[in-house]
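The residues making up each chain are set out below.
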Amino acid sequence: KAQIDANAIIQKQLTDQKTTDYERKIVDYLTNLLNMIRDEINDFEYLETKITNSNEGKTKTEKLMTGSDAIFKFLDLYLLVRYRDKDNPYFEIYHIKRLKYLLILIEKFLQNAIEEPISKKDKEYLVSILKYLYKTKIKPHFDYQENSTESGLKYRKEEGSDELFILNNSINIMLDNHS
């Protein structure tokens, strides 16, 4: 009887160890994914070029925008060009696709963080970091576009849904329901 009890205890310890190792791997995976999301946000760049005419001639000024500011510029131009000039392939450019895939990555992160069997403490911590990044670096730009009368959004509303905005709404719902 003592041997059977000892074997049961050892088996339980092995099972607990496997569970702990699996949770640790999932938390490491989510942490790496979160770092990749942070890096992707910060790596966006947009070079704004302005040419002004004066008595001395034309003057060219350039301003490099990075991170959240660059995301804003790409989202703004995307809407303006896509819905005013439907034949312009601008909305297919690399940075717009990159923004789309970033949103998909964020959505995937949230799905994994919510569904995977990790501790509540780890889940809350990881989701709170993503929530901060998203609500401060990306969401304000979508909100601006939705509330702006000057943006291309008024054209988007006439035509129906837009994939970027659908992803944004999905992420917002997930963050609001699991924070």
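Here, every reference points to the structure presented above.
Residues numbered from 1 in each chain as written. Predicted model: local features only at pLDDT ≥ 70, side-chain atom pairs only at ≥ 80, totals over all residues. Heavy atoms only, no water.

**Details of the overall build of the protein chain**
Across its full length, the protein chain holds seven helices and two strands. In the protein chain, the succession of α and β elements from N to C terminus is α-β-β-α-α-α-α-α-α. A buried classification covers 35% of the 179 residues belonging to the protein chain. If you take every contact in the protein chain between residues at least 6 apart in sequence, the share linking residues at least 24 apart comes to 68%. Accessible surface for the protein chain amounts to roughly 11,300 Å². Of this, 51% is attributable to carbon and sulfur atoms. (Helix = DSSP H or I, 4+ residues; strand = E, 2+ residues; numbered from the N terminus. Buried < 20%, exposed > 50% of the residue type's maximum accessible area, 1.4 Å probe, protein only. Contact = heavy atoms within 4.5 Å. Areas by Shrake-Rupley, 256 points an atom, 1.4 Å probe, with all protein chains shown as cover.)

**With respect to the environment of Lys139**
Here Lys139 shows up in helix H5 (residues 139-147). Taking the C-alpha atoms as reference points, Lys139 and Asn172, 33 residues apart in sequence, are found 8.3 Å from one another. Not counting the four nearest positions on each side in its chain, Lys139 is found in contact with Tyr134, Asn168 and Asn172. In this structure the side chain of Lys139 is engaged in a polar contact, spanning 2.7 Å, whose partner is the side chain of Asp143. (Polar contact = N/O pair within 3.5 Å; in protein donor to acceptor, adjacent residues only side chain to side chain.)

**Some remarks on the packing of helix H3 (residues 94-115) against helix H7 (residues 163-177)**
Contact geometry for H3 and H7: axes closest at 10 Å, N-to-C directions at 25 degrees. Between H3 and H7, the angle falls in the class roughly parallel. With respect to the hand of their crossing, H3 and H7 are arranged in left-handed fashion. Residues Ile96, Leu99, Lys100, Leu103, Ile104, Ile106, Glu107, Leu110, Gln111 and Ile114 of H3 pack against Glu163, Leu164, Leu167, Ser170, Ile171, Met174 and Leu175 of H7. Considered class by class, the residues forming the contact of H3 with H7 number twelve nonpolar, two polar and three charged. (Axes fitted to C-alpha atoms, helices over the stretch in contact; angles between N-to-C directions. Parallel < 35°, antiparallel > 145°, perpendicular 65-115°, else oblique. Left-handed = near helix turned anticlockwise from the far one by under 90°. Nonpolar A, V, L, I, M, F, W, Y, C, P; charged D, E, K, R; others polar.)

**What to know about the side chain of Arg98**
Along the chain, the position of Arg98 falls in helix H3. Those residues in contact with Arg98 that sit more than four places away from it in its chain are Glu40, Asp43 and Phe44.

**Remarks on the packing of aromatic side chains**
Here the structure, examined in full by the defined rule, presents four aromatic pairs. The interplanar angle of 90 degrees and the centroid separation of 5.1 Å between the aromatic rings of Tyr46 and Phe74 together place this pair among those described as edge-to-face. Taken together, the positions of Tyr46 in strand S1 (residues 45-54) and Phe74 in helix H2 (residues 67-84) put the pair 28 residues apart, joining distant regions of the chain. Phe74 carries the same exposure label as Tyr46, and that label is buried. Every member of this aromatic cluster is reached through a ring pair, and the members are Phe44, Tyr46 and Phe74. Stacked on the ring of Phe44, the Lys or Arg Arg98 has its end atom at 4.2 Å from the ring centre. (Phe/Tyr/Trp six-rings, centres within 6.5 Å; stacked < 30°, edge-to-face > 60°. Lys NZ or Arg CZ within 6 Å of the ring centre and 35° of its normal.)

**Notes on the nonpolar core**
Within the largest apolar cluster, 40 residues are counted, with the highest numbers of intra-cluster contacts made by Leu102, Leu103, Ile106, Phe109, Leu110, Ile138 and Leu164. Counting residues per element, this core draws most heavily on H3, which supplies nine residues. Ignoring any residue separated from it by four or fewer positions in sequence, one finds Phe109 in contact with Leu30, Leu33, Leu34, Ile37, Leu126 and Leu130. (Core = buried A, V, L, I, M, F, W, Y, C linked by side-chain atoms within 4.5 Å.)

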